[in-house]
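Structural overview
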Amino acid sequence: SEEGVIPFEKELQHTRLYLELEQIRFEDALRVEYDIACTDFMIPTLTLEPIVENAVRHGIRGNANGQGTVMISSRECENHYEVLVTDDGPGFDPKTVYDDKSHVGIRNVRIRLKTVCRGSIKIESSAGGGTTVTILLPKEK
């Protein structure tokens, strides 16, 4: 069903606004880059923004100097679309640090993706190596 999904373009717009406000707040500390290869797909509402907020909160502000870059990219693959949020923050060891309980936002996104569009989230991080969150959105059969 189309329940609870919006065009990616729209979700990206909300996220851009959030990031622009954060950039005003943090002045030069937050850099944002976009590599949007495709926008022609649907995404559950409030999927991208909470992940980007996480990247700013834990990634950028987690850096010793409080500075960093968040990159948002999208690409089309054969059977799915991918939206990636990458930060150059301190990163973490996913095996030890990561649990959904302490990251309610991520857990909610994970559940929404699964129920709304059979989508999923993949989190890759390493201590000192930044974090990449990939949102996988299957193409409708």
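Below is a short write-up of the structure. In every chain, residue numbers begin from 1 and rise along the written sequence. It should be noted that, the model being predicted, local features are given only for residues of pLDDT at least 70 and side-chain atom pairs only at 80 or more, the latter also being counted only at that level, while totals for whole chains, interfaces and linings use all residues. With hydrogens and water set aside, each side-chain value is computed from the structure's full complement of heavy atoms.

Moving on, we come to the overall build of the protein. Each helix corresponds to a stretch of at least 4 residues labelled H or I by DSSP, and each strand to a stretch of at least 2 residues labelled E; elements are numbered beginning at the N terminus. On a plain count of helices and strands, the protein comes out with four helices and seven strands. When the helices and strands of the protein are placed in sequence order, the string is β-α-β-β-α-β-β-α-α-β-β. Taken across its 141 residues, the protein has 42% of its residues classed as buried. Sequence-distant contacts, at least 24 apart, represent 71% of the contacts inside the protein between residues at least 6 apart. Where accessible areas are quoted, they stem from the Shrake-Rupley method and a 1.4 Å probe; at the residue level, only the protein chains shown are allowed to cover. When the accessible surface of the protein is split by element, carbon and sulfur atoms take 51% of a total near 7,900 Å². Only protein chains enter the accessibility calculation, which uses a 1.4 Å probe; a residue is then buried when its area is under 20% of its type maximum, exposed when over 50%, and partly exposed in between. By the convention used here, residues are in contact when the closest approach between their heavy atoms is within 4.5 Å.

What follows concerns the pattern of salt bridges. We define a salt bridge as a contact between a side-chain nitrogen of Lys or Arg and a carboxyl oxygen of Asp or Glu at a distance within 4 Å. Scanning the entire structure with this criterion turns up five salt bridges. The partner of glutamate 53 in a salt bridge is arginine 57, with the nearest N and O atoms 3.8 Å apart. Of this pair, glutamate 53 and arginine 57 both sit in helix α2 (residues 48–60), four residues apart, which is roughly one turn of the helix. Note that glutamate 76 is salt-bridged to lysine 139, the shortest N-O span being 2.7 Å. With glutamate 76 in strand β4 (residues 68–76) and lysine 139 in the segment after β7 (131–138), this pair connects stretches of sequence that are 63 residues apart. Beyond isolated ion pairs, a larger network of salt bridges with shared partners links Glu22, Arg25 and Arg61.

The buried count for strand β5 (residues 80–87) comes to six of eight residues, which makes it a mostly enclosed element. By this definition, two strands are paired if DSSP reports at least two bridges between them. The pairing of β4 with β5 spans seven bridges and is antiparallel. Residue pairing in the sheet places glutamate 76 in a bridge with tyrosine 81 of β5. Between β4 and β5, which follow one another and run antiparallel, lie three residues. Pairing between β5 and β7: eight bridges, direction antiparallel. Bridged to threonine 86 within β7 is threonine 132.

As a further point, take the side chain of threonine 132. With respect to the element layout, threonine 132 can be found in strand β7. With relative accessibility at 18%, the residue threonine 132 sits in the buried group. Once residues within four sequence positions are removed from consideration, threonine 132 is found in contact with Leu84, Val85, Thr86, Lys122, Ile123 and Glu124.

Turning our eyes to something else, we now look at the environment of leucine 136. Mapping leucine 136 onto the fold places it in strand β7. Setting aside chain neighbours within four positions, we find leucine 136 in contact with His80, Tyr81, Glu82, Gly119 and Ser120.

So, about the nonpolar core. Remark: nonpolar core denotes a set of buried residues (Ala, Val, Leu, Ile, Met, Phe, Trp, Tyr, Cys) joined through side-chain atoms within 4.5 Å. Grouped together as the largest cluster of nonpolar side chains are 29 residues, with contacts concentrated most on Leu48, Val70 and Leu137. Those elements that place two or more of their residues in this core are α1 (8–26), β2 (30–36), α2, β4, β5, α4 (104–117) and β7. Top element by residues in this core is α2. It accounts for six residues. Excluding its chain neighbours within four sequence positions, the residues that come into contact with leucine 48 are Phe8, Glu11, Leu12, Thr15, Ile72, Val83, Val85 and Ile135.

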